[in-house]
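Listed here are the chains, written in short residue letters.
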Amino acid sequence: MSDPVPMDTQPVQAAPANAGSWEDALDIFYAPRQVFERRRDGKYWIPLLILCAVSVAIYFLSIQFNEAVADAEFSRAMAEQAAKGGQKMTAEQVAAAKAFAGKFKALVVYILPVMLVISAWVSGVIIMLLGNMMGGKLNFAQGVTVGVLANFPEVLGRAVVGVQGLFLDTATVTSKYAFATSVARFMSADANKFLLKLGALADPFVIWSSVLVGIGVFVIGRVEKEKAAVLAIIHAIGYAIIAR
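Predicted model, so just to flag it, every value in this text is computed and none were measured.

Conventions adopted
Residues numbered from 1 in each chain as written. Predicted model: local features only at pLDDT ≥ 70, side-chain atom pairs only at ≥ 80, totals over all residues. Heavy atoms only, no water. Helix = DSSP H or I, 4+ residues; strand = E, 2+ residues; numbered from the N terminus. Buried < 20%, exposed > 50% of the residue type's maximum accessible area, 1.4 Å probe, protein only. Contact = heavy atoms within 4.5 Å. Areas by Shrake-Rupley, 256 points an atom, 1.4 Å probe, with all protein chains shown as cover. Expected span 1.5 Å × (residues − 1). Polar contact = N/O pair within 3.5 Å; in protein donor to acceptor, adjacent residues only side chain to side chain. Phe/Tyr/Trp six-rings, centres within 6.5 Å; stacked < 30°, edge-to-face > 60°. Patch = residues over 30% accessible without salt bridge, like charges linked within 9 Å, V, L, I, M, F, W, Y side chains within 5 Å. Salt bridge = Lys/Arg side-chain N within 4 Å of Asp/Glu carboxyl O. pLDDT = per-residue confidence, 0-100.

The next subject is the overall build of the chain. Along the backbone of the chain there are 11 helices and zero strands. Ordered by position from N to C terminus, the α and β elements of the chain give α-α-α-α-α-α-α-α-α-α-α. Within the chain, buried positions represent 39% of all 244 residues. Of the contacts made within the chain by residues no fewer than 6 positions apart, 66% connect residues no fewer than 24 positions apart. About 14,400 Å² of surface is accessible on the chain, with carbon and sulfur atoms providing 68% of the total.

Encoded structure:
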């Protein structure tokens, strides 16, 4: 009979270490369930700050496209006003409006993060309320965590749009959907706005983010799979109507 192995020579399994926030921002793309398990405590601030920093960088990457969109939307608004018999702006008024918009761009680096934080809080409240209505248990911080982490694929989608703006002719931009990765890209800029928003939902990055919302409430809030899927769809439609 062999002697028992001494306790100090037996292999010891180390407890899995918690990944850092940067790892979570990357792992959410291919291991979302593990990320949500790690973020069950609702600590969302560092992922949110990462999201803000990346979003500001992408905004400046997309500056040419953003300017082209602003010009196209301004021209459309003027055309609609003229069609309704409104007073046409003078050349001086147009120049003043564009000069004001130019000054506003300098403030984007400060305004965009604030808007993203407010948007994350609003999204967190909505996810929390919907999740709890569907039998889950989510607090505010957990709702925000789900919303923030689920937003990273959409940030990637905005980066794809920004990169296109570096290589494609921005003079062809007629709407904010001109370089979109959604069905709305192939719809007329004069199409019904609600239909354009629905077309914007048919976007792989939006669908990806919506799936992550469902996974998040399933893992963190213990919402049943079927109800989590319904919640993700409701969240996606609401987001499209309000934000896109």
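Take helix α10 (residues 204–219) next. An ideal rise of 1.5 Å per residue puts 22 Å on 16 residues; α10 measures up with 22 Å between its terminal C-alpha atoms. Within the span of α10, buried status applies to F205, V206, S209, S210, L212, V213, G214, G216, V217 and V219. The opening residue of α10 is D203, an N-cap whose side-chain oxygen sits 2.8 Å from the backbone nitrogen of F205.

A few words on the packing of aromatic side chains. Counted by the stated rule, this structure contains four aromatic pairs. Between W45 and W121, the aromatic rings sit 6.2 Å apart at their centres with planes inclined by 85°, giving edge-to-face as the arrangement. Residue W45 is located in helix α3 (residues 45–61), and its partner W121 is located in helix α6 (residues 108–133); the two are separated by 76 residues in the primary sequence. Judged by relative accessible area, W45 falls into the partly exposed class, the value being 42%. Three or more aromatic residues joined by ring pairs make a cluster, and in this case those are Y44, W45 and W121.

Turning our attention to a nonpolar patch on the surface. Together, W45, L49, V114, I118, W121, V122, V125, I126, L129, M133 and F140 line one region of the surface with nonpolar side chains, adding up to about 1,000 Å² of accessible area. When contributions to the nonpolar patch are tallied by element, the ones reaching two or more residues are α3 and α6. Ranked by the residues each element gives to the nonpolar patch, the list is headed by α6, at eight residues. Considering the arrangement of structural elements, one finds I118 in helix α6.

Scanning the model with the defined rule gives four salt bridges in all. Where D27 meets R38, a salt bridge forms, and the shortest distance between an N and an O atom there is 3.1 Å. One end of the pair, D27, is in helix α1 (residues 21–27); the other, R38, is in helix α2 (residues 32–38), with 11 residues separating them in the sequence. Given a relative accessible area of 14%, D27 falls into the buried group.

Before going further, it helps to examine the confidence of the model for the chain. If pLDDT is low for a region, its predicted coordinates should not be looked at in detail. Looking at the chain, the pLDDT average stands at 80 and 75% of residues meet or exceed 70. Mean pLDDT values for the elements of the chain range from 63 in helix α5 (residues 91–105) up to 95 in helix α7 (residues 140–150). Low pLDDT, under 50, characterises residues 1–17; the predicted model gives this stretch one contact beyond four residues in sequence or across chains.

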